[in-house]
Amino acid sequence: MKKLSKEQIVQSVPQRGFFGQPKGLFTLFFTEFWERFSYYGMRALLLFYMYTEIADGGLGIDDGTAKSIMAIYGSLVYMSGIIGGWIADRLLGTQRTVFYGGVLIMAGHIVLALPAGTTALFISMFLIVIGTGLLKPNVSNIVGDMYSPQDVRRDSGFSIFYMGINMGGLLAPLIVGTIGQEYNYHLGFGLAAIGMLVGLIVYMATRKKYLGLAGTYVPNPLGAGEKKKVFTRIGLSAVVIVILAAITIPAGILTINRFTYLVSILGILIPTAYFIVMYRSPKTNADEKSRILAYIPLFIAAIMFWAIQEQGSIILAEYADKRTELSLFGFELQSSWFQSLNPLFIVVLAPIFANIWVKMGERQPTTTKKFSFGLLFAGLSFLVMIVPAAMNGTDTLVNPIWLVLSFLLVVIGELCLSPVGLSATTKLAPEAFSAQTMSLWFLSNASAQAINAQIVKLYKPETEIVYFGVIGGVAILLGLLLFMASPRIQRFMKGVR
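Counting restarts for each chain: residues are numbered from 1 in the order of the written sequence. Only residues with pLDDT of 70 or above have their local features reported here, since the model is predicted, and side-chain atom pairs are shown and tallied only from 80 upward, although totals for entire chains, interfaces and linings are computed over all residues. Each side-chain value is derived from all of the structure's non-hydrogen atoms; neither hydrogens nor water enter the calculation.

Q: Teacher, can you tell me more about the overall build of the chain here?
A: Helical segments are the DSSP runs of H or I of at least four residues, strand segments are the runs of E of at least two, and each set is numbered from the N terminus. Regarding its fold elements, the chain presents 18 helices and two strands. We take the radius of gyration over the C-alpha atoms and set the globule estimate at 2.2 Å times the residue count to the 0.38 power. Its C-alpha atoms give the chain a radius of gyration of 23 Å, within 12% of the compact-globule value 23 Å for 497 residues. Out of the 497 residues in the chain, the part that is buried amounts to 52%. Long-range contacts, defined as pairs at least 24 residues apart, comprise 82% of the intrachain contacts of the chain with a sequence gap of at least 6. Per-residue and other accessible areas were derived by the Shrake-Rupley procedure at a 1.4 Å probe size, with only the shown protein chains allowed to occlude residues. For the chain, the accessible area works out to roughly 22200 Å², and carbon and sulfur atoms hold 69% of it. Working definition: with a 1.4 Å probe on protein chains only, accessible area under 20% of the residue-type maximum means buried, over 50% means exposed, and in between means partly exposed. Note on contacts: a residue pair qualifies if any of its non-hydrogen atoms lie within 4.5 Å across the two residues.

The following block contains the structure:
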């Protein structure tokens, strides 16, 4: 397709019709709502399904291994966004990439809904990892395509879209989690598949009418000669991987634990390679090199933050299931419901934080200081979990208010760090690597979960106080160091506040 100008794309999208926003926002809002509903519904059940005994409908996987698999799963989901971005940029365009991603996600949930044991689990994980990598980053790109650079509605449009993400994440554990825990895990996973199907139906029924040309073009298409080379390399790589898996898995060489170690190592090596390539590139000028150096401590801080935040669906999920009093005032809670707390607090608090930063204007803290606040609250969210164990030991059930408080504190930290990190990434990125630097930001989460894959194995009731204390203490210490280094880091940013 002939390359389209930004003006042609924007003019092709009906510009009014969804809360004063382009009509296409309706399509993308509900596509992402249902995609998050399916993903977070599945995620709310997956840990419990893995470590529940086979006789009770689970897989009977060892607790530590199940937690490690959860972390690796999350890491691979974020790493796969690089693949999704490349396919959209070079082969299919974002609209088609989103559709194929949704189909793969739905297929993954369907496989998980089948009572086929660990084989179905790993096939499902592969499909959902690739599908999410195709869909998630590209939906956001289409949102941006619908607005001209000067359109003052852009920020509010992204805010409405972000609400769709969190509403899907809020409702999923309450609905899918309840069905899975009350009746049958596979029924819950089947409901997640239906959620993705609804999202695909909404997307396909409205995209031509509402999205116009947004996401239909391929920004940097492969040439005819390039296609042959690329497809040959991809095909050969796939064959090599299949052969290696066929040899090493039956021989007991590639075990689940060794695979998690491999991904954990990649989670550190890939972003390190990104930084080295960008810094050493002749396309990066002196000021941009300085900004890359300023970005490194922010990236490390983000890894520390996400390492704690992402344990909400692993360690705190297990804590809710095994250590929390779920009978409250005669009402029975489901342990999966606690996964709704994070999106609930974001929906409530995000507008408040946005308003605070606007009102403070030039008086608001610098990017580095906001990151340090994010780490402080993340650390506190783990330190509060020491209190019930210190007061009553680890062999009694805990009031659920402690979990609620922990989730609240980490969300406050997230609102200090996550949106600020996205903004800082766009400002500090070298011009020649702007898109790749955004991929690097998402890799901070992948790296955190890759590291978590080894850390979460250490959590047990008997190690609870040390576990929460050490990780929470390290986050607070790193936050204090970042706060003290803030003026120096700010100088390296070369004018970026």
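Q: What is the right way to read the packing of helix α2 (residues 24–51) against helix α12 (residues 315–322) from this model?
A: Working convention: axes come from line fits to C-alpha atoms, limited for helices to the stretch in contact. Angles between N-to-C directions cover 0 to 180 degrees. The contact between α2 and α12 brings their axes to 10 Å, and the two run at 65 degrees. Classified by the angle their axes make, α2 and α12 are roughly perpendicular. As for the relative orientation of α2 and α12, their crossing is right-handed in sense. Residues Leu47, Phe48 and Tyr51 of α2 form the contact with α12, whose own contacting residues are Ala317, Glu318, Asp321 and Lys322. For this classification, Asp, Glu, Lys and Arg are treated as charged, while Ala, Val, Leu, Ile, Met, Phe, Trp, Tyr, Cys and Pro are nonpolar and the rest, including Gly, are polar. Here the contact of α2 with α12 is built from residues that sort into four nonpolar, no polar and three charged. Comment on the angle field: the value is read as roughly parallel under 35 degrees, roughly antiparallel over 145, roughly perpendicular from 65 to 115, and oblique elsewhere. In this scheme, a crossing is called left-handed if the near helix is turned counterclockwise away from the far one by less than a right angle; it is called right-handed if the turn is clockwise.

Q: Explain the side chain of Glu35 to me, please; I cannot follow it from the model alone.
A: With respect to the helices and strands, Glu35 occurs in helix α2. What qualifies as a polar contact is a pair of N or O atoms within 3.5 Å, subject to a donor-acceptor requirement within protein and to the restriction that residues adjacent in sequence count only when both atoms come from side chains. A distance of 2.7 Å separates polar atoms of two side chains, one belonging to Glu35 and the other to Arg36. Apart from the residues lying within four places of it in its own chain, the contact partners of Glu35 are Ile105, Thr132, Leu135 and Met196.

Q: Help me understand the pattern of salt bridges in this model?
A: Side chains carrying opposite charge are able to pair once their charged atoms draw close together. Salt bridge, as used here: a side-chain nitrogen of Lys or Arg that lies within 4 Å of a carboxyl oxygen of Asp or Glu. The tally for this structure, following the rule as stated, stands at seven salt bridges. Across the pair Arg43 and Glu310 runs a salt bridge, and its minimum N-O distance is 3.2 Å. With Arg43 in helix α2 and Glu310 in the loop between α11 (286–309) and α12, this pair connects stretches of sequence that are 267 residues apart. Comparing Arg43 with Glu310 shows no difference in burial state: the two are buried. Here Glu318 ties to Lys322 by a salt bridge, and the two come within 3.4 Å at their closest N and O atoms. Separated by four residues within a single helix, Glu318 and Lys322 lie in helix α12, roughly one turn from each other. Residue classification places Lys322 among the partly exposed positions, given a relative accessible area of 39%. When salt bridges that share partners are traced, they join Asp63, Lys67, Glu318 and Lys322 into one network.

Q: Looking at this model, I keep getting lost on the packing of α12 against helix α18 (residues 464–492). Mind explaining?
A: Geometry of a packed helix pair, given as the angle between the helix axes and the separation of the axes. Interhelical geometry of α12 versus α18 gives an angle of 150 degrees and a closest axis separation of 13 Å. In terms of axis orientation, α12 runs roughly antiparallel to α18. Judged by the twist between their axes, the crossing of α12 over α18 is left-handed. In this structure, α12 contributes Ile315, Leu316 and Tyr319 to the contact, and α18 contributes Glu464, Tyr467 and Phe468. Of the residues assigned to the contact of α12 with α18, the class counts are five nonpolar, no polar and one charged.

Q: Just checking my understanding: could you explain the confidence of the model for the chain for this structure?
A: In the predicted model, the chain carries a mean pLDDT of 86, and 94% of its residues have values of at least 70. Considering each helix and strand of the chain separately, the mean pLDDT is smallest for helix α1 (residues 6–12), with a value of 61, and largest for helix α14 (residues 367–383), with 94. Here pLDDT means the predictor's own confidence in every residue, given as a number from 0 to 100.

Q: Would you explain the packing of aromatic side chains in this entry?
A: Within a pair of aromatic rings, the relevant descriptors are the distance that separates the centres and the angle that separates the planes. Only Phe, Tyr and Trp rings are paired, with Trp represented by its six-membered ring, and only when their centres lie within 6.5 Å; those with planes under 30 degrees apart are stacked, over 60 edge-to-face, the remainder tilted. All chains considered together, the criterion is met by 24 aromatic pairs. On the basis of an interplanar angle of 45 degrees and a centroid distance of 6.5 Å, the ring pair of Tyr295 and Phe299 is categorised as tilted. Taken together, the positions of Tyr295 and Phe299, both in helix α11 and four residues apart, correspond to about one turn of that helix. Of the residues examined, Phe299 reaches a relative accessible area of 4% and is grouped as buried. Relative to Phe468, the ring of Phe382 has its centre 5.0 Å away and its plane inclined at 85 degrees; by these criteria the two rings are edge-to-face. Remark: Phe468 occurs in helix α18 and Phe382 occurs in helix α14; sequence separation between them is 86 residues. Each member of the pair, Phe382 together with Phe468, is buried. Members of the aromatic cluster, each reached through a chain of ring pairs, are Phe26, Phe29, Phe30, Phe33, Trp34, Phe37 and Tyr210. Whether a charge lies above a ring is judged from NZ of Lys or CZ of Arg, which has to be within 6 Å of the ring centre and within 35 degrees of the ring normal. Positioned over the ring face of Tyr51 is Lys322, at 4.2 Å from the centre of the ring.

Q: Can you walk me through a nonpolar patch on the surface in this structure?
A: Residues enter a patch when their relative accessible area is above 30% and they make no salt bridge; the linking distance is 9 Å between like charges and 5 Å between nonpolar side chains (Val, Leu, Ile, Met, Phe, Trp, Tyr). Together, Ile249, Leu254, Phe259, Leu262 and Leu266 line one region of the surface with nonpolar side chains, adding up to about 390 Å² of accessible area. Along the chain, Leu262 falls in helix α10 (residues 256–280).

Q: Help me understand α14, please; the structure alone is not making it clear to me.
A: Since the α-helix turns once every 3.6 residues, residues separated by three or four places project in the same direction. Expected span of a helix: the number of residues minus one, times 1.5 Å. Between its terminal C-alpha atoms α14 stretches 25 Å, which fits the 24 Å expected from 17 residues at 1.5 Å a residue. The set of residues buried in α14 consists of Thr367, Thr368, Lys370, Phe371, Ser372, Gly374, Leu375, Ala378, Gly379, Ser381 and Phe382.

Q: Teacher, can you tell me more about the environment of Thr284 here?
A: Note that Thr284 resides in the loop between α10 and α11. A relative accessible area of 5% means that Thr284 is categorised as buried. Counting along the chain gives 146 residues from Thr284 to Pro430, while the straight-line C-alpha distance between them is 6.2 Å. Once residues within four sequence positions are removed from consideration, Thr284 is found in contact with Met278, Lys289, Ile292, Pro430 and Phe433. For Thr284, the side chain forms a polar contact with the main-chain oxygen of Met278, separated by 2.7 Å.

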